[in-house]
Each structure stands twice: as structure tokens, then as C-alpha cells.
Amino acid sequence: AVDCWGSNANGKAEDQPGPYIQIGGGWHHTCALTPAGAVDCWGSNSDGRAEDQPGPYTQLSVGLHHTCALKPDGSVDCWGKNDYGQAADMPGPYTQVSAGSDQTCALRPNGSADCWGKNDLGQATDQTGPYVQIDAGWTHTCALTPVGAVDCWGDNAAGQSADMPGPYIEISAGWTHTCALTLSGRADCWGANGQGQATDQTGPYSRISAGTYHTCGITGTGIDCWGNNQFGQGVDQTGDYVQVSASLAHS
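This is a predicted model, so every value here is computed, not measured.

*Asks:* Describe the pattern of salt bridges, with residues and values.
*Replies:* One side chain can pair with another of opposite charge once the charged atoms of both are near each other. Across all of its chains, the model carries 5 salt bridges by this definition. Arg49 is paired through a salt bridge with Asp47; the nearest N and O atoms lie 3.7 Å apart. Residue Asp47 is classed as partly exposed on the basis of its relative accessible area, which comes to 44%. Across the salt bridge formed by Arg108 and Asp114, the nearest N and O atoms sit 2.7 Å from each other. With relative accessibility at 16%, the residue Asp114 sits in the buried group.

*Asks:* Tell me what's going on with the pairing of strand 7 (residues 96-99), and back it up with residues and numbers.
*Replies:* Side chains Gln96 and Ser98 project from strand 7 onto one buried face, and the interleaved Val97 and Ala99 project onto a second face that is buried too. Pairing analysis gives 4 bridges linking strand 7 to strand 8 (residues 103-107), with the strands arranged antiparallel. Bridged to Val97 within strand 8 is Ala106. The hairpin turn running from strand 7 into strand 8, its antiparallel successor, is 3 residues long.

*Asks:* If you had to explain the layout of surface pockets to someone new, which residues and values would you point to?
*Replies:* In this model, the largest pocket occupies a volume close to 720 Å³. Along the walls of the largest pocket sit 42 residues, with Ser61, Val62, Asp135, Ser209 and Ser245 positioned nearest its centre. At the level of elements, strand 1 (22-25), strand 4 (59-62), strand 7, strand 10 (133-136), strand 13 (168-173) and strand 16 (207-210) are the ones that each hand at least two residues to the lining of the largest pocket. Partitioned by chemical class, the residues of the lining of the largest pocket number 18 nonpolar, 21 polar and 3 charged. If you add up the space inside the second largest pocket, you get close to 380 Å³.

*Asks:* Report on the environment of Gly154, specifying residues and quantitative values.
*Replies:* Mapping Gly154 onto the fold places it in strand 12 (residues 150-154). The exposure class of Gly154 is partly exposed, given its relative accessible area of 23%. Ignoring any residue separated from it by four or fewer positions in sequence, one finds Gly154 in contact with Leu121, Gly122, Gln123, Thr139, His140 and Ser161.

*Asks:* Go over unusual backbone geometry, please, and point to the residues and values.
*Replies:* With an omega of 10 degrees, the peptide bond running from Gly166 to Pro167 counts as cis. Following the sequence through the fold, Pro167 ends up in the loop between strand 12 and strand 13. In this structure, Asn10 is a non-glycine residue whose phi angle is positive, near 65 degrees. Within the element layout of this structure, Asn10 appears in the segment before strand 1. Of note in this structure, Asp47 is not a glycine but carries a positive phi near 70 degrees. Tracing the backbone through its elements, the reader meets Asp47 in the loop between strand 3 (39-43) and strand 4.

*Asks:* Give me the lowdown on the side chain of Ser98, citing residues and values where you can.
*Replies:* Tracing the backbone shows Ser98 in strand 7. Of the polar contacts made by the side chain of Ser98, one reaches the backbone nitrogen of Ala136; its length is 2.8 Å. Excluding anything up to four places from it in sequence, Ser98 contacts Ser61, Gln103, Thr104, Cys105, Ile134, Asp135 and Ala136.

*Asks:* Talk me through the sheet that holds strand 3; I want residue IDs and the actual numbers.
*Replies:* Within a sheet, each strand pairs with its neighbour through backbone hydrogen bonds, oriented either parallel or antiparallel. Strand order in the open sheet made by the 3 strands is 1-2-3, with antiparallel pairing throughout. Only two strands of the sheet have a single neighbouring strand rather than two, namely strand 1 and strand 3. The sheet shows a mean angle of 15 degrees between the axes of neighbouring strands, direction not considered. Here 5 bridges tie strand 2 (residues 29-33) to strand 3, and the two strands are oriented antiparallel to one another. What sits directly across from His29, in strand 3, is Gly43.

*Asks:* Explain the sheet that holds strand 10 to me, using residue names and the numbers behind them.
*Replies:* Across the sheet, 3 strands lie side by side as 10-11-12; this open sheet has antiparallel pairing. At either end of the open sheet lies a strand with only one pairing partner, and these are strand 10 and strand 12. Within this sheet the neighbouring strands show an average axis-to-axis angle of 15 degrees, counted without direction. In terms of strand pairing, strand 11 (residues 140-144) meets strand 12 through 5 bridges, oriented antiparallel. Paired with Cys142 across the two strands is Cys152, which belongs to strand 12.

*Asks:* Before we move on, could you go through the environment of Ala9 and cite the residues and values that matter?
*Replies:* Structurally, Ala9 is set in the segment before strand 1. We classify Ala9 as partly exposed; its relative accessible area is 33%.

Reading guide: rules and limits
Residues numbered from 1 in each chain as written. Predicted model: local features only at pLDDT ≥ 70, side-chain atom pairs only at ≥ 80, totals over all residues. Heavy atoms only, no water. Salt bridge = Lys/Arg side-chain N within 4 Å of Asp/Glu carboxyl O. Buried < 20%, exposed > 50% of the residue type's maximum accessible area, 1.4 Å probe, protein only. Helix = DSSP H or I, 4+ residues; strand = E, 2+ residues; numbered from the N terminus. Pairing = 2+ DSSP bridges. 1 Å grid on protein atoms, 1.4 Å probe; cavity = no way out; pocket = protein on both sides within 12 Å on 5 of 7 lines; lining within 4 Å. Points joined across faces, edges and corners; volume = space filled by probe spheres on them. Nonpolar A, V, L, I, M, F, W, Y, C, P; charged D, E, K, R; others polar. Contact = heavy atoms within 4.5 Å. Polar contact = N/O pair within 3.5 Å; in protein donor to acceptor, adjacent residues only side chain to side chain. Axes fitted to C-alpha atoms, helices over the stretch in contact; angles between N-to-C directions.

Take a look at the structure:
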């Protein structure tokens, strides 16, 4: 089941009974993946970003105004706003897809990164890698190497695209900050920290997600959030959670 909190404009933070196996939050919409591989979306459907999709898909990623999902054959379907080509379908094959603000990136089986969409700051530049995970943020993109180092590219005005040696086990690129999990479950964050969103945390966490001006991590007993809490998006939660998505103004 899906629990949501924070700003609920357009119904984007409505709880859902599920069952779902993956969740993602965008600007004013949220989407989740069913066990059968279909995509359910709720919230604003401007530009078609929150259209339900029959799939089947194996992985889902929700961007600012668009949504993308990975098909069993490794191709990528995207829907929603496509003014920069960020919602273009791609044949692949890919092993993971990540939708950012106006760019989308995906990993090929050899670990290289293909990116498409807006590239004014280099955020959609292809990379040779190899990488094992990729995450597209606002105007920057980061990826995890096989040895746990982090490579970032794109806007670095706040230091959010600084490369890091790690080793890390997960990476999350937010609005103007980036966070990663160490082997011990500590959260290392860098970039803009005006509202405490990039403050390091001891954890331990099993998953992490960087949003706009807040970040959330999964503990053994619930979810810790830090940073901006204007809409209640940074409220800690108690419960048994397996994934968290700190999106724009809600979680």
C-alpha cells in the first residue's frame, strides 16, 4: 500500500491501497507499479503525465512533468510533457530508466548511460560508465559505478554534481542536492543545504530519496525526513516501508 504526506494539491498525495511494488512522485502527480506491471497514476494529468498504463513494465520512474517505464524487452515508454524530447520512447535495450526534470537517462546492459531531453547544462550528456544505478535530478544527473563511486554531470552551481569516491550502495539526485548511502547505511549529502536538505545523517538507512528541499531515508522502524517541512513533507513516519520517494513538495 502507498502512504503519502505533504502537499496534496491536485490529489497527488492521496494514499492508495495498492498493492504496488514501486512508487515515484513528480511535480503534481504520483505513479506506482502494480505486481502485474501496470502503472497507476494520480494527481494532475496536465500533458498526460498521469495517464494509467497497462504495461507490462518492470520498472518505473516519475519525472517533473513526465513519466517513464521500462518494458520487459528493455525498451522505454514515456508519457507526459515532451517539449525537450524528454518523453520520447526509446528502443534500448536498457536495464534501468530515470526521469528527471526535463531530461531522461537510462542504463544499457554494458553500464553506459544514454540520456535525452534538455541538455543546456550538460545534464543529458551520454556517459560511457560503466554504472550500476542512475538517477536524474533537476538539472543534474548522477550514477553509481560498480565500485561504489559516484559520477555526476550537469549543473554544479551548488556543488550538487561533485563526484564522490564512496563507496556507496545507492544514489539519489534531488533539486540542487545529492545524497548517497554508505555501506553502513549513513547518508552522505552534498550541494545546496539552505534548508538542511543536504545535512549528513548517521542512519542507518536501507533506502534514500532526495526531493526538492527535503530528503527521506528508510530506517528499521519507519522513515526519517530532514529539510523543508512547509507542507508536512518532512514529517517522520512510523511503519514498515520498503521504498520512499521524496518528490516535489510531498513524499
